[in-house]
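Geometric and topological summary
Chain by chain, the residues run as shown.
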Amino acid sequence: MEHRDDIGAKLGMWVFIFTEILLFGGLFLVYAIMRLSYSNEFHQAAHHLNAFIGTINTIVLLVSSATVAMSITAVQKGNNKLAVLLLFITLICAAVFMVNKYFEWGHKIHIGLYPGSDLMVSLSHGQVMFFSLYYFMTGLHMFHLVVGGIILTIVMIKVQTGTINASRYVLLENGGLYWHLVDLIWIFLFPLLYLIT
Amino acid sequence: MTEEKTHHPEPSYLVDTGKYKGLMAWLTSTDHKRIGLMYMYAMMVFFAVGVLLGMIMRIELFFPGQQFYGPQMYNGIFTIHGIIMIFTVVIPGLAAVFGNFSMPIMIGAKDVAFPRLNLFSFYLYVLGAAIALASQFMGNGPPDTGWTFYAPYSIQTHTNVVAAVFGAFVLGFSSILTGLNFIVTMHRMRAPGMTFFKMPLFPWSLYATAWIQVLATPIVGITLLMIIAERWLRIGFFDPSLGGDPVLYQHLFWIYSHPAVYIMILPAMGVITEIIPTFSQKKVFGYRAIAISSLAIALVGYFVWAHHMYTSGMSATARWIFSLLTFLVAVPSAIKVFNWVATMYKGSISVKPPFLFALGFIFLFMIGGMTGLSLGALATNIHVHDTAYVVAHFHYIVFGGVGFAFFAAIYYWYPKMYGRMYNFKMANWSFVFLFSGFNLLYFPQFIIGIMGMPRRYFDYLPQFTFGHQLSFFGGVLLVIGFVIMLITLFSKKGAKAPDNPWGGRTFEWRIPSPPPLENFDIMPEMGENEQPYDYK
């Protein structure tokens, strides 16, 4: 008999998500301490972030989370075709997010705002700290987004081939859980970096 | 528990049955028992390296002033001694070796919940250890920061800090995945009828440990990444000359690294809790108190980290709160010691090598714990902070505690692992040397520490000479003890071990020695009125 434990697999994913939250938790702690020490500089530096792109990206990620959730329901109802389509939309959203980030980072690097640049060195400590945290936190988040994208691509192929189906879809659920985590972290990053000015 | 007389139709896990033979069969095995043994062999190698580095330090400290090498090399040696011993030996330690080997059997499972992930954790461990070791030979010389990588020095030094830090990060990831695996295993794979409060106490201690691994390790992970980012990009999270906060680094570091002490010691306590009832042939005293105290240690242990930082300039309020919490965390540890002693009371004790080492553990752990309290008290801490007293204290815990529990566990489960017994007389001699050598090595450090000998110093005042020389001779005795132990265990094949050489009651003693690949011919169950330690 094949050994299979879907609840166990999901439990494992949840535990892993706890570790991810604590990984970012350390960064949020540093952010909080630094915001306390340099509240004025953080306030000024945050004006340089493009809240419009940030908002677009937030909407894009929220939509992608919704499509992942819908794809799970689709597989449960036996509609693998629809599930593949929904997962594909999710991946498109991920790509849109990355493209937006590319332009956002690209613009900043273009005007010389990156760690170690001449412009950065001339800024006050607090502003340097803000931009450093900005790059570090959104960079680590992007890394998770890429990992999540790879997971969802594998999942999509498995839905396509029918390895994931109405009677076994725990891998899709776990991929979805991970994707929601990526989304959730952004939901915290967005106001902390873009909106509090 | 139902008594199942097993015959031997299945080959043992030591026999290669898969498509590979020999070494490859081990390296590709997802069997929890083989992975446990692979961790053990790797750790023995790293431990030997760590001991060697320790002895090289002791030789240099035999007389004041420079003998064989200079201060920069001394800094490198104590740093790598710390990194190897902490990150590759005692943190994975008992959980990775005996948690893997024994825990699934003790709860009546065929393997851990995610066997392939388990093998992956092992390879991450090997990779992380290799990177940490390589940091010694690459770049601008071995790191000289101490294993704590305190900022801002770890940002400013030109030595090869990044590789060492990255090695520690990879090792942390391995530790997280092992913890995750154990949590799911214990939640989902216990034998029918084995409720959480009927689970043996070694798995209980691993359960508490696993939660610390999962919830504390990410903090140090991100901190180490920040160190790397700071060195590469001059970001300045922690370097005050760039506007950073070095005390913040200490907080982040100890938020993990203090709970890490409980990652080390909790499985050790769990092993002792198995050995004492077996060799006393008596039901463990206060089963629930021991189980819950493991969780209590894990929980309270989270909130004591800043007792490493009393002299860092924290507020007085923070200091007394952390001091209070430090005293609180001693309570569940003391409950365990009380229960071990009470278990022995009126038991029919047979003093075999595992029991001897367990007694050694209790004695050394008591000294380590008590001196920990004097360090947790604010006034005395200011006096002995960063002295040899601290060195002696934590070696009594991580070596006298974790190390002796490790030796006890090897002697306890060795017959199950290999299906062979060993020479008790030789094993007892190894105890005599290890125990006396250990005390001779570290007890003088308490005394010279109080007299004012700082830790991590290459040179010292003449009045500390005698203490350092005693320590050197203690180190020699210790090394002799290790050699005797290795000869006892691995030099020649002993007599064939029976299934249950010690009269234990937990599941692993009801299956053949060594166990078959899938552990149980008939999956065990636990009856309504059975308890894990039903001794007469």
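Residues numbered from 1 in each chain as written. Chains lettered and ligands numbered in written order. Predicted model: local features only at pLDDT ≥ 70, side-chain atom pairs only at ≥ 80, totals over all residues.

1. A few points about the overall build of chain B
Across its full length, chain B carries 16 helices and zero strands. Here chain B has a C-alpha radius of gyration of 23 Å; the compact-globule value for 536 residues is 24 Å, and the two agree. In terms of overall dimensions, chain B has a C-alpha envelope of 70 × 45 × 45 Å along the principal axes. For chain B, the proportion of its 536 residues judged to be buried stands at 54%. Long-range contacts, defined as pairs at least 24 residues apart, comprise 84% of the intrachain contacts of chain B with a sequence gap of at least 6. (Helix = DSSP H or I, 4+ residues; strand = E, 2+ residues; numbered from the N terminus. Rg over C-alpha atoms; globule rule 2.2 N^0.38 Å. Buried ≥ 20, exposed ≤ 12 C-beta atoms within 10 Å, placed from the backbone. Contact = placed C-beta atoms within 7 Å.)

2. Things to note about the overall build of chain A
Check the secondary structure of chain A and you find seven helices and zero strands. Secondary structure elements of chain A, listed N to C terminal, follow the sequence α-α-α-α-α-α-α. The dimensions of chain A, computed from C-alpha atoms along their principal axes, are 65 × 30 × 25 Å. Taking the intrachain contacts of chain A between residues at least 6 apart in sequence as the baseline, contacts between residues at least 24 apart amount to 78%.

3. Some thoughts on helix α10 (residues 287–301) of chain B
Residue and element names in this part refer to chain B. Helix length check: α10 (15 residues) gives 21 Å between terminal C-alpha atoms against 21 Å at 1.5 Å per residue, within 8%. For α10, the full list of buried residues reads Tyr-287, Ile-290, Ala-291, Ser-293, Ser-294, Ile-297, Ala-298 and Gly-301. On an axial view of α10, the arc spanned by its buried residues comes to 160°, and they lie on one face. Contacts from the buried residues of α10 go to α8 (201–233), α9 (246–280) and α11 (316–344). (Expected span 1.5 Å × (residues − 1). Arc of directions from axis to C-beta.)

4. Digging into the interface of chain A and chain B
Counting from both sides, the interface comprises 23 residues of chain A and, opposite them, 26 residues of chain B. Those elements that provide at least two residues to the side of chain A that touches chain B are α1 (6–37) and α6 (125–161) of chain A. Here the element with the most residues in the side of chain A that touches chain B is α1 of chain A; it accounts for 14 residues. Of the residues contributing to the side of chain A that touches chain B, the split by class is 14 nonpolar, eight polar and one charged. (Nonpolar A, V, L, I, M, F, W, Y, C, P; charged D, E, K, R; others polar.)

5. Remarks on the packing of helix α2 (residues 32–60) of chain B against helix α3 (residues 71–90) of chain B
All names here are of chain B. It is the contact of α2 with α3, at a shortest axis distance of 9 Å, that shows an interaxial angle of 150°. For the element pair α2 / α3, the angle class is roughly antiparallel. The interaxial crossing formed by α2 with α3 has left-handed handedness. Contacts from Met-43, Phe-46, Phe-47, Val-49, Gly-50, Leu-53, Gly-54, Ile-56, Met-57 and Glu-60 in α2 reach Tyr-74, Ile-77, Phe-78, Ile-80, His-81, Ile-84, Met-85, Thr-88 and Val-89 in α3. By residue class, the composition of the contact of α2 with α3 is 14 nonpolar, four polar and one charged. (Axes fitted to C-alpha atoms, helices over the stretch in contact; angles between N-to-C directions. Parallel < 35°, antiparallel > 145°, perpendicular 65-115°, else oblique. Left-handed = near helix turned anticlockwise from the far one by under 90°.)

6. Here's the deal with the nonpolar core
Ranked by internal contacts, the top residues of the largest apolar core, which has 213 residues, are Ile-272, Ala-405 and Ala-408 of chain B. The greatest single-element share of this core, amounting to 22 residues, is contributed by helix α14 (residues 388–418) of chain B. (Core = buried A, V, L, I, M, F, W, Y, C linked by C-beta atoms within 7 Å.)

7. A word on the environment of Met-226 of chain B
Considering the arrangement of structural elements, one finds Met-226 of chain B in helix α8. Spatially, the C-alpha atoms of Met-226 of chain B and Val-162 of chain B are 11 Å apart, while their sequence positions differ by 64 residues.

8. Side note on the environment of Thr-79 of chain B
Residues and elements named next belong to chain B. Take Thr-79: it is sitting in helix α3. Residue Thr-79 is classed as buried on the basis of its 25 C-beta neighbours within 10 Å. For the pair Thr-79 and Leu-53, spaced 26 residues apart in sequence, the C-alpha separation works out to 9.9 Å. Ignoring any residue separated from it by four or fewer positions in sequence, one finds Thr-79 in contact with Pro-142, Pro-143, Asp-144, Thr-145, Gly-146 and Trp-147.

9. Focus: the confidence of the model for chain B
Residues and elements named next belong to chain B. Residues at a pLDDT of 70 or more form 98% of chain B, whose mean pLDDT is 93. Ignoring residues within four places in sequence, the model shows residues 1–6, a span with pLDDT below 50, making 13 contacts including any to other chains. For this predicted complex, the interface confidence comes out at an ipTM of 0.93, alongside a pTM of 0.94. (pLDDT = per-residue confidence, 0-100.)

10. Description of the environment of Ile-447 of chain B
Its place among the elements puts Ile-447 of chain B in helix α15 (residues 424–451). Spatially, the C-alpha atoms of Ile-447 of chain B and Ala-388 of chain B are 8.3 Å apart, while their sequence positions differ by 59 residues.

11. Regarding α8 of chain B
All names here are of chain B. Compared with the 48 Å implied by 1.5 Å per residue over 33 residues, the 48 Å span of α8 between its first and last C-alpha is a close match. If you look at α8, its biggest bend is around 30°, right at Ala-216, and the proline Pro-218 turns up within four residues after that. After α8 finishes, the residue Arg-234 shows a positive phi value of roughly 50°. (Bend = angle between axes of the 7 residues up to and from the residue.)

12. Quick word on the packing of helix α2 (residues 39–46) of chain A against α6 of chain A
Residues and elements named next belong to chain A. Between α2 and α6, the least distance of the axes is 8 Å, while the angle of their chain directions is 55°. Taken together, α2 and α6 sit at an angle that is classed as oblique. In the crossing of α2 with α6, the sense of the turn from one axis to the other is right-handed. Between α2 and α6, the residues in contact are Asn-40, Glu-41, Phe-42, Gln-44, Ala-45 and Ala-46 and Gly-126, Gln-127, Phe-130 and Phe-131, respectively.

13. Focus on unusual backbone geometry
The general pattern is negative phi for most residues beyond glycine and trans for most peptide bonds. Residue and element names in this part refer to chain B. Between Ala-151 and the following residue, Pro-152, the backbone shows a cis peptide bond with an omega angle of 0°. Along the polypeptide, Pro-152 turns up in the loop between α5 (115–134) and α6 (153–156). With an omega dihedral of -10°, the bond running from Ser-513 to Pro-514 counts as a cis peptide bond. The phi angle at Gln-281 is positive, at roughly 50°, despite the residue not being glycine. By the element assignment, Gln-281 lies in the loop between α9 and α10. Classification of Gln-281 by C-beta neighbours within 10 Å gives partly exposed; the count is 16.

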